[in-house]
Amino acid sequence: MAVSKSKPSTKPETYKNYIGGRWVKPLSGSSIENRNPADTRDLVGNFPASNAEDVSAAVSAAREAFPKWKAVPAPKRAELLFRWAQILVERKDAFATDMTREMGKVLKETGGDVQEAIDMTFYTAGEGRRLHGYTSPSELPDKFAMCVRQPLGVCALITPWNFPMAIPSWKMMPALICGNTVVIKPAEDTPLSTINLVKAAEAAGIPPGVINIVMGTGEEAGAALTQHPDVRLVSFTGSTDTGRIVAETTGRMGKICSLEMGGKNVIMVMEDADLDLAVEGAVWGAFGTSGQRCTASSRVVVHKRVYKKFVEKLAERTKTLVIGNGLKKNVEMGPVINEQALQKILSYIEIGKNIDGATLHLGGHRLDKGEHKNGFFVAPTIFTDVAPQMTIAQEEIFGPVLSIIPCRDLDEAIEIGNGVKYGLSSSIYTQDVNRAFHAMEAMNTGIFYVNSSTIGAEVHLPFGGTKATGNGHREGAMISSLDIFSEWKAIYVDYSGKLQKAQIDVFETPR
Ligand code: ADP
């Protein structure tokens, strides 16, 4: 998003929407600047600020393409996905660089983001030869019963900025393999990575209109897409507040809606844990992606017997993190996404210090000198002596801010861990298999790890959460994402040659 009035260092490129197989200027005539959050003098480009008319054109293109795409046999749709995945492999390094430039996370992580899209695309392509339905016995003789998946129509995909290629791929691939067509509205801060994904699709030969991209603000383009009567499903990932708006609109209009929202994830460190391993997990979970993952470890609950030692080791390790422009190879933590996010994070730090009364153990300020002066950098921040009900331990901060909460035993750790409105990810560090299994069962989260951080989901397992994190759907794992992007059709074939009435005719069992 537009963040700085300073002059661009290079001539910026102007990007277009992709509608019906053509790159077109937005009818709105307006654009949004996208600047590098590590150095706002670097203008990544100007991107369409689409309006309702642009959205309408994209939905029409998707609607028109739907019958033809639906008629392509799924194994043939899959062949295009295989080709697409291969192109992503070839372009991975360039795409990772673009992503670091527009989003800020370090090159290793943006490489991982592109890799996730590659994995998702190959994995989903394999599904083209399955898409299993099932047969079932009928209660009547000479009658055959089965069910098959059918596509929904036009799917609207609304995505956030923190995984700008992976999350679009989680939604796009299963939607397409099922035979739907899509309109995607990427986040304002990271349109280029989604454009890159779509350009690879174009190069793979995905037919015109099957994938459309409209860029713009959530309030204008996102809302218009959600409200469009020809959109059958909205798949949304983002904040819980926006998810509520999407859910209300889609509920009112009778659309299908899949939501993936916030988290306040916990690592539980027991007194028998390998502390060095737990420290590595906490640093990676709390400060990886500058804490801007929905699965970020924003709370660590530590057994009081090892609390002091854990805090010491964690602070020592955190101090070694190299913070800067993610394009530099040695940098381990980049900036946060934009000025608004920076201010929100700093305001939570103030709340932690002055209202909650937690102890600020490390960080707690903006980095704005030297190489950090033109970016949105926040020092990795650790609060200790945090009580479970404090605001910083309850609300999603979405930045490099970690709350460390002491506990007496596993039961208390579980109670604290579950004592938030979200339910995305949780983890335990212990050497005791009984305790690990006990926690696994007790944690009310969609994802659970043992001796690992709260981040690191793989594409072939279900991704999503309980409570305020979602609305019961799971992405990733084919079995759950196909359930989002297809509807069941039950089919009965009566070959008895007579009228048979289910529930009324009585079948006489031969004696
Ligand atoms: P974040 O706070 O992580 O940026 P948001 O929920 O604001 O999360 O944004 C996630 C996605 O939702 C973005 O693509 C954004 O443009 C879009 N969005 C924001 N507001 C709306 C809205 N009212 N209707 C539909 N989409 C929206």
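All of these numbers come straight from a predicted model, not from anything done at the bench.

1. Quick word on the site of the ligand
And step 1. The environment of the ligand is formed by 16 residues, the closest being Thr159, Lys185, Glu188, Ser239 and Thr242.
And step 2. The separation between an oxygen atom of the ligand and a polar side-chain atom of Lys185 is 2.6 Å.
And step 3. Ser239 places a polar side-chain atom, nitrogen or oxygen, 2.8 Å from an oxygen atom of the ligand.
And step 4. When isolated, the ligand has an accessible area of 560 Å², and the protein chains bury 80% of it.
And step 5. Elements that contribute at least two residues to the shell around the ligand include exactly helix H6 (218–227) and strand S10 (231–237).
And step 6. No other element matches the four residues that H6 contributes to the shell around the ligand.
And step 7. Here the shell around the ligand is composed, by residue class, of six nonpolar, eight polar and two charged.

2. Focus on the confidence of the model for the chain
Do not read the fine detail of predicted coordinates wherever pLDDT is low.
And step 1. Confidence in the prediction of the chain, expressed as mean pLDDT, is 96, and 98% of residues score 70 or more.
And step 2. Throughout residues 1–9 the model reports pLDDT below 50, and contacts reaching past four residues in sequence, or to other chains, amount to 24 contacts.

3. As for helix H10 (residues 339–356)
And step 1. Here H10 spans 24 Å end to end across 18 residues, near enough to the 26 Å set by a 1.5 Å rise per residue.
And step 2. Within H10, the full set of buried residues consists of Ala341, Leu342, Ile345, Leu346, Tyr348, Ile349, Gly352 and Asp356.
And step 3. Turning to H10, the residues buried within the fold contact strand S15 (366–367), strand S16 (377–378), strand S17 (381–384), helix H11 (391–394) and strand S18 (401–407).
And step 4. Between the side-chain oxygen at the start of H10 and the backbone nitrogen of Gln340 there is a gap of 3.3 Å, and the oxygen is on Asn338.
And step 5. Positive phi appears at Gly357, one or two residues downstream of H10, with a value of about 80°.

4. Things to note about the sheet that holds strand S6 (residues 143–151)
And step 1. Within the open sheet, the three strands sit side by side as S5-S6-S25. Their pairing is antiparallel. The two strands at the open ends of the sheet, each matched to only one other strand, are strand S5 (134–137) and strand S25 (486–494). Here the strands of the sheet are splayed against their neighbours by 25° on average, with no regard to which way each runs.
And step 2. Sheet strands in contact with helix H14 (residues 478–485) are S6 and S25, and its direction is about 85° off that of S25.

5. What about the nonpolar core?
And step 1. Trp84, Leu88, Met172, Ile206 and Ile211 are the most contacted members of the largest nonpolar core, which totals 68 residues.
And step 2. In terms of residues, this core owes the most to one element, helix H2 (residues 74–103), which gives eleven residues.
And step 3. Dropping the residues within four chain positions of it, Ile211 is found in contact with Tyr18, Trp84, Met172, Leu176, Val182, Val198, Ala201 and Ile206.
And step 4. One finds Leu346, Ile392, Leu410 and Ile416 within the second-largest nonpolar core, a separate group that totals 30 residues.

6. Here's the deal with the packing of aromatic side chains
How two aromatic rings sit relative to each other is given by the distance of their centres and the angle of their planes.
And step 1. Counted according to the given criterion, the structure contains six aromatic pairs.
And step 2. Both rings, one in Tyr18 and one in Trp23, keep their centres 4.6 Å apart while their planes meet at 35°; by these two values the pair is tilted.
And step 3. Given the relative accessible area of 5%, Tyr18 is considered buried.
And step 4. For the ring pair Trp170 and Phe463, a centre distance of 4.7 Å and an interplane angle of 50° mean the geometry is tilted. Within this pair, whereas Trp170 is found in helix H4 (residues 166–177), its partner Phe463 is found in strand S22 (residues 462–463), the two being separated by 293 residues in sequence.
And step 5. A relative accessible area of 6% means that Phe463 is categorised as buried.
And step 6. The ring of Trp69 carries the charged tip of Arg77 above its face, separated from the ring centre by 6.0 Å.
And step 7. Stacked on the ring of Trp23, the Lys or Arg Lys199 has its end atom at 5.4 Å from the ring centre.

7. A word on the sheet that holds strand S14 (residues 359–362)
And step 1. In space, the seven strands of this open sheet follow the order S14-S17-S18-S13-S12-S20-S21, with mixed pairing throughout. Looking at which strands have only one partner, the edges of the open sheet turn out to be S14 and strand S21 (447–450). Between one strand axis and the next, the sheet turns through 20° on average, direction left out of account.
And step 2. Pairing between strand S20 (residues 425–429) and S21: four bridges, direction parallel. Residue Ile428 lies in a different strand from S21, and its bridge partner there is Val450.
And step 3. Of the strands in this sheet, S14, S17 and S18 are in contact with H10, which crosses S17 at around 20°.
And step 4. Its contacts with the sheet place helix H12 (residues 410–418) against strand S12 (265–269), strand S13 (297–303), S18 and S20, and it is angled at close to 145° to S18.

8. So, unusual backbone geometry
And step 1. For Leu131, which is not glycine, the phi dihedral falls at a positive 40°.
And step 2. Tracing the backbone through its elements, the reader meets Leu131 in the loop between helix H3 (107–127) and S5.
And step 3. By relative accessible area, which is 17% here, Leu131 ends up buried.
And step 4. For Ser290, which is not glycine, the phi dihedral falls at a positive 50°.
And step 5. Positionally, Ser290 belongs in the loop between helix H8 (275–287) and S13.
And step 6. A relative accessible area of 2% means that Ser290 is categorised as buried.

Here is what the cut-offs are and how they apply
Numbering of residues starts from 1 in each chain and follows the order in which that chain's sequence is written. Per-residue local features are limited, in this predicted model, to residues with pLDDT of at least 70; the limit for side-chain atom pairs, both in listing and counting, is 80 or more; totals at the level of whole chains, interfaces and linings are taken over all residues. Hydrogens and waters are ignored; side-chain quantities use all the structure's heavy atoms. Residues are classed as near a molecule or strand on a simple rule: at least one heavy atom within 4 Å of it. Between N or O atoms, a polar contact is any pair within 3.5 Å; within protein, one atom must be a potential hydrogen donor and the other a potential acceptor, and residues adjacent in sequence are included only when both atoms are from side chains. Only the protein chains shown count as cover for residues, and all accessible areas are computed by the Shrake-Rupley method using a 1.4 Å probe. Secondary structure elements follow DSSP: runs of H or I of four or more residues count as helices, runs of E of two or more count as strands, with numbering from the N terminus. Ten residue types, Ala, Val, Leu, Ile, Met, Phe, Trp, Tyr, Cys and Pro, are classed as nonpolar, four, Asp, Glu, Lys and Arg, as charged, and the remainder, Gly among them, as polar. Per-residue confidence from the prediction method is given by pLDDT, with values spanning 0 to 100. Note on contacts: a residue pair qualifies if any of its non-hydrogen atoms lie within 4.5 Å across the two residues. Take the number of residues in a helix, subtract one, and multiply by 1.5 Å to get its expected span. Between buried and exposed lies partly exposed: a residue is buried under 20% and exposed over 50% of the maximum accessible area for its type, with that area taken using a 1.4 Å probe on protein chains only. Two strands qualify as a pair provided that DSSP identifies no fewer than 2 bridges between them. Axis angles are defined between N-to-C directions and span 0 to 180 degrees, where every axis is a line fitted to C-alpha atoms and, for a helix, only to the segment in contact. For this analysis, a nonpolar core means a set of buried residues of the types Ala, Val, Leu, Ile, Met, Phe, Trp, Tyr and Cys, connected via side-chain atoms within 4.5 Å. Between the rings of Phe, Tyr and Trp (Trp by its six-membered ring), a pair exists once the centres lie within 6.5 Å; its type follows the angle of the planes, with under 30 degrees stacked, over 60 edge-to-face, and the other angles tilted. Our definition puts a charge over a ring when NZ of Lys or CZ of Arg is within 6 Å of the ring centre and also within 35 degrees of the ring normal.

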